[in-house]
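Read off the chains here:
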Amino acid sequence: MVPHTPTFATDFEVVIIGAGISGIGAAYHLKTKRPTTSFAILEGRSALGGTWDLFRYPGIRSDSDMPSFGFGFKPWTHRQSIADAQVILDYLNETVDENDIRTHIHHDTKVEGADFDSRTGRWTIHAIDAHTHEPRSYTARFVYSGTGYYNYEAGYTPEFPGRDTFSGQIIHPQHWPEDLDYTGKKVVVIGSGATAVTLIPAMAAEASHVTMLQRSPSYVLSLPGEDAIANTMNRVIGPDKAYRIIRRKNIALNRGIFKASKRAPTLIRTLLMADVKRRLPKGYDVDTHFNPSYDPWDQRLCMVPNGDLFTAISSGRASVVTDHIDSFTETGIALTSGQHLDADIIVTATGLDLLPFGGIDLSVDGEQVDVRDTVVYKSMMLSGVPNFVFAIGYTNIAWTLKVDLVCSHMVRLLDHMDEQGRDVVTPVLADSTMDRAPLLDMSSGYVQRRIGAFPKAGTTGPWTVKMSYEADIERLEHGPVDDPELKFDVVEVATVAVAS
C-alpha cells in the first residue's frame, strides 16, 4: 500500500512517535474520543506496522493469541489465532483505513530529539528526512512515544571467536536478506527464544537440516494455531459479539497460566515438560533441551502453534543441541564439548538490543533529560517531564492490552486538563528517597543487558510498575486522573494548535 503524503502542517495538539501498533492505537483513541484534537504520527520508516513490517525472517508470527493482542476496539476475525506477520499487517492497515488515520502519518520522518519549553507549554520535535537527512521540525502540546523498547537499527549479536573464518553467510533475523536461498542448505540457528523457535520449523521445510544451538533451554508451550471456539462463535453470533467473549476468555486463560506459574512453579514446570515429552519421540532428552534452570515466566514463554517445532524435530529435519560455542570455523561451529556443527548458513537469533524511547533525546527548557534518573508514573509518564506519555506493553501477556489502557488514560488526562483550564501536567516525585526497581523485572539476557538505560520503577503509590492487567484496569481505566503527585500549570503565553 502506497504511504499517504500528509499536509504540510507542523503544529499539533499531539505528536505520536511511531506508526506501529502502539502509535496506531493512540491515533484511534484521539480520533474517536477527541475528534477535534489535531495530531500527527511521525514514522521513521516508509511503511507502517513497526515490528510487523521490520522483521522479514521466515515464519515470523505473533507470540500472543491475536484476540488478546488485537485492539480492543477492532475484532480479530481471521482464523489464525497465532498469526503470521502479513496477516497482522493487513489487520493494522484495515484499522488505519477504517478510521482515516493514514492521512495523519508522516513517513520517513525519523525523530531525533524533543525539547519542552515551559514558557509556551509546548514541545518542539526535531526530526530528519530518513532519505535526504534534511531537518524537519514539529511543535505539539503533548508527545506520545509509541516507539517500543528495542533498537530498530540493529539487534544484539555477541562476539564469536573466529567469526571471520566462516565461509558461509551469517545473518541476524532483524536484517534478513530478501533473496536468501536456504534450499538444501545446512543451517544453524543460535538461540532458544521466540525468534529461534519460529525460524526452526519455517526453515526446516526447505533446508537440508536445521540445528537450534542453545546455551540453555527455554520453556516452549504449544498452542492451537486456530481457536475453534472463536471461529465457531464468529460464525454463529458474529464478530462484534463474539470478540468481547473470546477476548475475555483468552485474557483470563493467559493470566491464569501466569499466576499459576508464580504460585506453583513446580507444578507448571511438570505440566510443560509432560506436554513436550508427549510431542517428541520416546526417549528424547527433554531434560537437557527443554527444561530450563529458571521457573516458568521468569522469562517469557515461547509459544509454538500446533507444536510445529516439535513436529520438525520429530521428522528429523531439525534438531536441538545444548552446548557452548568454542569458535566459528570455516565450515561451521566448534563446540566446547568437542562436537562440530557443519553449516552453510548461521543465523544469530541472539536477541534484541533494548533502547528507551527509540533513542530520542528528551530535554526540558534546553536541559537534557537523563531517563535513567527518572521514575515512571502509572507506567506511562516520566517524573519531571511535562506533557509526555509513552506506551510499553506487558511482558507476560499481550502487549496491546497495556497500549489500550494507556491511550484511554491519556485521553482522560487531556479531557481533565481542558475542563480545568490547564496547559501542562508534570509528574513530580514527592519522595526522592523512594527505593527504585527495574522497569522490566525479567531475567532474560536481552533485558538484563540494557535495562539500566531505562527509567526506573518506584516502589509505592502511582510509581509502581506491575505487569498486571487487572491492576492497570483499576488504575488507568477506573481510577481518578487527578493525583497529588501530578502538578498542573497554566502558561501565560497562549498558543493555538493548527488543525491537521
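Each value, and the rule that gives it
Residues numbered from 1 in each chain as written. Predicted model: local features only at pLDDT ≥ 70, side-chain atom pairs only at ≥ 80, totals over all residues. Heavy atoms only, no water. Patch = residues over 30% accessible without salt bridge, like charges linked within 9 Å, V, L, I, M, F, W, Y side chains within 5 Å. Areas by Shrake-Rupley, 256 points an atom, 1.4 Å probe, with all protein chains shown as cover. Salt bridge = Lys/Arg side-chain N within 4 Å of Asp/Glu carboxyl O. Lys, Arg positive; Asp, Glu negative; His and termini not counted. Charge placed at Lys NZ, Arg CZ, Asp CG, Glu CD. Helix = DSSP H or I, 4+ residues; strand = E, 2+ residues; numbered from the N terminus. Contact = heavy atoms within 4.5 Å. 1 Å grid on protein atoms, 1.4 Å probe; cavity = no way out; pocket = protein on both sides within 12 Å on 5 of 7 lines; lining within 4 Å. Points joined across faces, edges and corners; volume = space filled by probe spheres on them. Nonpolar A, V, L, I, M, F, W, Y, C, P; charged D, E, K, R; others polar. Pairing = 2+ DSSP bridges. Axes fitted to C-alpha atoms, helices over the stretch in contact; angles between N-to-C directions. Phe/Tyr/Trp six-rings, centres within 6.5 Å; stacked < 30°, edge-to-face > 60°. Buried < 20%, exposed > 50% of the residue type's maximum accessible area, 1.4 Å probe, protein only. Lys NZ or Arg CZ within 6 Å of the ring centre and 35° of its normal.

Draft legend 1. Layout of a negative patch on the surface. Together, Glu 178, Asp 179, Asp 181 and Glu 206 give the surface a local cluster of negative charge. Positionally, Glu 206 belongs in the loop between helix 5 (194–204) and strand 9 (209–214).

Draft legend 2. Spatial organisation of the environment of Gly 191. Here Gly 191 shows up in the loop between strand 8 (186–190) and helix 5. Residues Gly 191 and Gln 214 lie 23 residues apart in sequence; the distance between their C-alpha atoms is 5.1 Å. When neighbours within four sequence positions are excluded, Gly 191 is seen to be in contact with Ala 196, Met 212, Leu 213, Gln 214 and Ala 349.

Draft legend 3. Spatial organisation of the layout of surface pockets. Empty space within the second largest pocket amounts to approximately 360 Å³. Lining the second largest pocket are 20 residues, and of these Phe 258, Thr 395, Asp 441, Met 442 and Met 467 lie nearest its centre. Listed by contribution, the elements that provide at least two residues to the lining of the second largest pocket are helix 7 (239–263) and strand 23 (437–438). Each residue belonging to the lining of the second largest pocket can be placed in one class, and the counts come to ten nonpolar, six polar and four charged.

Draft legend 4. Up close: the sheet that holds strand 13 (residues 325–329). Reading across the sheet, the three strands line up as 13-14-15 and stay open at both edges, with antiparallel pairing between neighbours. Each of the sheet's edge strands pairs with one partner strand only, and the pair in question is strand 13 and strand 15 (340–342). Pairs of neighbouring strands in the sheet enclose a mean axial angle of 20 degrees, with direction left out of account. The pairing of strand 14 (residues 332–335) with strand 15 spans three bridges and is classified as antiparallel. Within strand 15, the residue paired with Gly 332 across the bridge is Asp 342.

Draft legend 5. Representation of empty space enclosed by the protein within the structure. One pass over the structure, following the stated rule, counts three cavities of 30 Å³ or more. Considered as a void within the structure, the largest cavity measures approximately 130 Å³ in volume. Lining the largest cavity we find 15 residues, and of these Asn 254, Trp 297, Met 303, Asn 396 and Ile 397 sit closest to its centre. Of all the secondary structure elements, the ones that give two or more residues to the lining of the largest cavity are strand 10 (220–223) and helix 7. Each residue belonging to the lining of the largest cavity can be placed in one class, and the counts come to nine nonpolar, three polar and three charged. Here the second largest cavity is characterised by a volume of approximately 60 Å³. Every residue lining the second largest cavity is listed: Pro 67, Trp 76, Thr 77, His 78, Arg 79, Gln 80, Ser 81, Asp 227, Ala 230, Asn 231 and Asn 234. Considering every element that reaches the lining of the second largest cavity, the biggest residue donor is helix 6 (residues 228–237), with three residues. Looking at the lining of the second largest cavity residue by residue, the classes come out as three nonpolar, six polar and two charged.

Draft legend 6. Main features of the pairing of strand 13. With four bridges connecting them, strand 13 and strand 14 associate as antiparallel partners. Across the sheet, Ile 325 pairs through a bridge with Leu 335, a residue of strand 14. Between strand 13 and the antiparallel strand that follows it, strand 14, lie two residues.

Draft legend 7. Expanded view of the packing of aromatic side chains. Inspection of every chain in the model, using the stated rule, returns 21 aromatic pairs. Note on Tyr 28 and Phe 73: the rings are 3.5 Å apart at their centroids and 10 degrees apart in plane angle, and the pair reads as stacked. Of this pair, Tyr 28 sits in helix 1 (residues 21–33) while Phe 73 sits in the loop between helix 3 (66–69) and helix 4 (85–98), and the two are 45 residues apart along the sequence. Residue classification places Tyr 28 among the buried residues on the basis of a relative accessible area of 17%. A residue is classified by how much of its surface remains accessible, and Phe 73, at 22% relative accessible area, is partly exposed. Site record: aromatic cluster; members linked through ring pairs are Tyr 28, Phe 71, Phe 73, Trp 76 and Tyr 91. Lying across the ring of Tyr 156, Arg 449 places its NZ or CZ 3.4 Å from the centre.

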